[in-house]
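Spelled out, the chains give:
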Amino acid sequence: MSKRTISQQLNDERSDESALILDDLEASRPTRRPKLDAASHSDSPEKFIQYPDISRPTAKQTPFQQPTPVLSFSYNSSHQLEFNDSALRYYVDPPHGAKLSYGYDLWKRKPDGRGRIDGLLQAFSKARKTSTVPLHDVGVIAWRGVITRDEFEINIMVLNGTLYFEEHLSEERLKQKNNMEPRHRIQTYYGYAFESYCTSEIPNPKVSPNPGDPVGWGGDVDTNIQWCSVVRTKLGNTRLLIGGEVDCVRGQFFHYSDADRNELKSTQESIHNSFLLGVPEVVVGFRTPSGVLTTTQTFKTIQLPRLVRGKPGAWDPLICLAWGDQVISFLKDVVRSNGSEDASIWRAKFTPGKGITVTLLEAADVEDVRGGEDRVGFLPTWYWEESRTNEKRPETTSKGGWKIE
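For clarity, every value in this text was computed on a predicted model and none was experimentally measured.

Rules and cut-offs
Residues numbered from 1 in each chain as written. Predicted model: local features only at pLDDT ≥ 70, side-chain atom pairs only at ≥ 80, totals over all residues. Heavy atoms only, no water. Pairing = 2+ DSSP bridges. Helix = DSSP H or I, 4+ residues; strand = E, 2+ residues; numbered from the N terminus. Buried < 20%, exposed > 50% of the residue type's maximum accessible area, 1.4 Å probe, protein only. Contact = heavy atoms within 4.5 Å. Polar contact = N/O pair within 3.5 Å; in protein donor to acceptor, adjacent residues only side chain to side chain. Axes fitted to C-alpha atoms, helices over the stretch in contact; angles between N-to-C directions. Parallel < 35°, antiparallel > 145°, perpendicular 65-115°, else oblique. Left-handed = near helix turned anticlockwise from the far one by under 90°. Nonpolar A, V, L, I, M, F, W, Y, C, P; charged D, E, K, R; others polar. Phe/Tyr/Trp six-rings, centres within 6.5 Å; stacked < 30°, edge-to-face > 60°. Lys NZ or Arg CZ within 6 Å of the ring centre and 35° of its normal. Salt bridge = Lys/Arg side-chain N within 4 Å of Asp/Glu carboxyl O. Core = buried A, V, L, I, M, F, W, Y, C linked by side-chain atoms within 4.5 Å.

1. Topic: the pairing of strand S17 (residues 355-360)
Move 1: Of the strand pairs in this sheet, strand S2 (residues 46-50) and S17 are connected by 5 bridges, and their pairing is antiparallel. Paired with Gln50 across the bridge in S17 is Gly355.
Move 2: In this structure, strand S16 (residues 346-351) lies alongside S17, joined through 6 bridges in antiparallel fashion. Each bridged residue has a counterpart across the sheet, and for Thr351 the counterpart in S17 is Gly355.
Move 3: Connecting the antiparallel pair S16 and S17 is a turn made up of 3 residues, with Gly353 showing a positive phi of about 80°.

2. Considering the pairing of strand S14 (residues 281-287)
Successive side chains on a regular strand alternate, one facing one side of the sheet and the next facing the other.
Move 1: Most of S14 is tucked away: 6 of the 7 residues are buried.
Move 2: For S14 and strand S15 (residues 293-300), the ladder comprises 7 bridges, and the chain directions are antiparallel. Each residue of the ladder has a partner; that of Val283, found in S15, is Thr298.
Move 3: Between S14 and S15, which pair antiparallel and follow one another directly, the connecting turn spans 5 residues, one of which, Gly291, has a positive phi of 90°.

3. Observations regarding the environment of Arg232
Move 1: You can see Arg232 is positioned in strand S10 (residues 226-235).
Move 2: Under the relative-accessibility criterion, Arg232 is labelled buried at 12%.
Move 3: If we skip the residues at most four places from it in the chain, Arg232 touches Gln65, Gln66, Pro67, Thr68, Val70, Val133, Pro134, Leu135, Arg239, Leu240 and Leu241.
Move 4: A distance of 3.0 Å separates a polar side-chain atom of Arg232 from the backbone oxygen of Pro134.

4. Looking at the packing of helix H2 (residues 118-130) against helix H7 (residues 381-388)
Move 1: It is at 11 Å that the axes of H2 and H7 come closest, and there the two elements cross at 30°. It follows from the interaxial angle that H2 and H7 lie roughly parallel. Seen along the crossing, H2 lies across H7 with a hand that is left-handed. For the pair H2 and H7, the contacting residues are Leu121, Gln122, Phe124, Ser125, Arg128 and Lys129 in the first and Trp382, Tyr383, Glu386 and Ser387 in the second.
Move 2: Partitioning the contact of H2 with H7 into residue classes produces 4 nonpolar, 3 polar and 3 charged.

5. Some thoughts on the packing of aromatic side chains
Move 1: In the structure shown here, the tally under the stated rule is 11 aromatic pairs.
Move 2: Ring geometry for Tyr197 versus Trp217: centroids 5.0 Å apart, planes at 75°, classification edge-to-face. You can see Tyr197 sitting in helix H4 (residues 182-198) and its partner Trp217 sitting in the loop between strand S9 (199-200) and S10, a full 20 residues away along the chain. For the pair formed by Tyr197 and Trp217, the shared burial category is buried.
Move 3: Through a chain of ring-to-ring contacts, three or more aromatic side chains come together here, namely Tyr104, Trp107, Tyr189 and Tyr192.
Move 4: Taking NZ or CZ as reference, Lys126 lies 5.1 Å from the ring centre of Phe83, over its face.

6. Here we look at the pattern of salt bridges
Move 1: Within the structure shown, the criterion is met by 13 salt bridges.
Move 2: Between Glu201 and Arg89 there is a salt bridge whose closest N-O contact spans 3.9 Å. You can see Glu201 sitting in the loop between S9 and S10 and its partner Arg89 sitting in the loop between strand S4 (81-82) and strand S5 (90-91), a full 112 residues away along the chain.
Move 3: Between Lys129 and Glu386 there is a salt bridge whose closest N-O contact spans 3.5 Å. Separated by 257 residues along the polypeptide, Lys129 in helix H2 and Glu386 in helix H7 bring together distant segments of the chain.
Move 4: Look at Lys129 and you get exposed, because its relative accessible area is 61%.
Move 5: Residues participating in the shared-partner salt-bridge network are Arg116, Asp118, Glu166, Glu373 and Arg375.

7. Side note on the environment of Gly324
Move 1: Checked against the element boundaries, Gly324 lands in helix H5 (residues 317-337).
Move 2: Its relative accessible area of 0% is what places Gly324 among the buried residues.
Move 3: With 177 residues separating them in the primary sequence, Gly324 and Ile147 have C-alpha atoms 9.8 Å apart.

8. Digging into the nonpolar core
Move 1: Residues Ile141 and Phe165 are the most contacted members of the largest nonpolar core, which totals 72 residues.
Move 2: For this core, the element with the most residues is H5, which contributes 8 residues.
Move 3: With residues near it in sequence (within four places) discarded, Ile141 still touches Ile117, Leu120, Leu121, Phe124, Thr162, Leu163, Tyr164, Phe165, Leu241 and Tyr383.
Move 4: Grouped together as the second largest cluster of nonpolar side chains are 16 residues, Trp107, Tyr189, Ala193 and Val283 included.

Shape is all these values report; function is a separate question.
Right, dumping it as structure tokens:
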């Protein structure tokens, strides 16, 4: 697809997909240039970026480049990373009336942990050696989920000029995630069961894998198994390398870049930022409160913001892109101004409606982040040493991309 065609499409949609760029940052919809309070001075240990007045629309047009696939990989049933597509699933139409509670007692749930960036770094390390996609100017590396939260805390490091984001979860928060209330737990399972009904290990299966399973059941839920996508994209002047799980592909899979990837969501789930990984479609399942699937509807990712346009509290794609660009630029300035790449860790806390506070961690907090593991800061030691031997070329500024017109 040519840039001209993309521009026309964005113009028709008022660049709707841009509202998906930072799904959870957009809730407060900042406008224009953010304000920095007194805590943002260089001699202060704490920096703060404040939301401006959101009552006025922004005229700023921030380009977002169409994501380019870099590579894919799988996690197996032991949640070990493998550079293959063994966890790849294919989309199938789920049966009407499917019971989403089926298989609940057989659910193999991966315990929530610290959410390390290690798997993405393994993929980036491999891609730097084998991929034909240019990766010398990556400015930010992060899992997609790190920046798709209603509110979040992330740890940030800089190495060779590249910023690394890793989610910070307190022990209390981890305990909460691993000890869900029964109602929350069953509703979470409904989403995974929906994925099972909508996916298969092979394209166009004729029957369920096991004779005793209900029609359309794709297999018992094991959340250790994941198929992940890594893409290169660009927001403003910052090159991003983003990784995240993708539920399935539609049709025959010959090569990663040719796949029509799909996200699957039930109505009780938030629709994650599919556009950030270049996922063109979201399939939404509608269910009863007791977990019976009633119908499904497919949405083009590029058209999703149209559904809320003009409604109270709706996103403005221009605001979302501009805010995302401003936040990344702010974090760059804060972290790089420290002038060191000595394993310093910054922590950024995003509070909806207020802003983002960034603090340099003390030595004791850095040790807590390390968790007694073989790391420099939160980066694996092997990756730190490998990266320090690679000369980092300066970032380039490109005028290409998806620009709102």
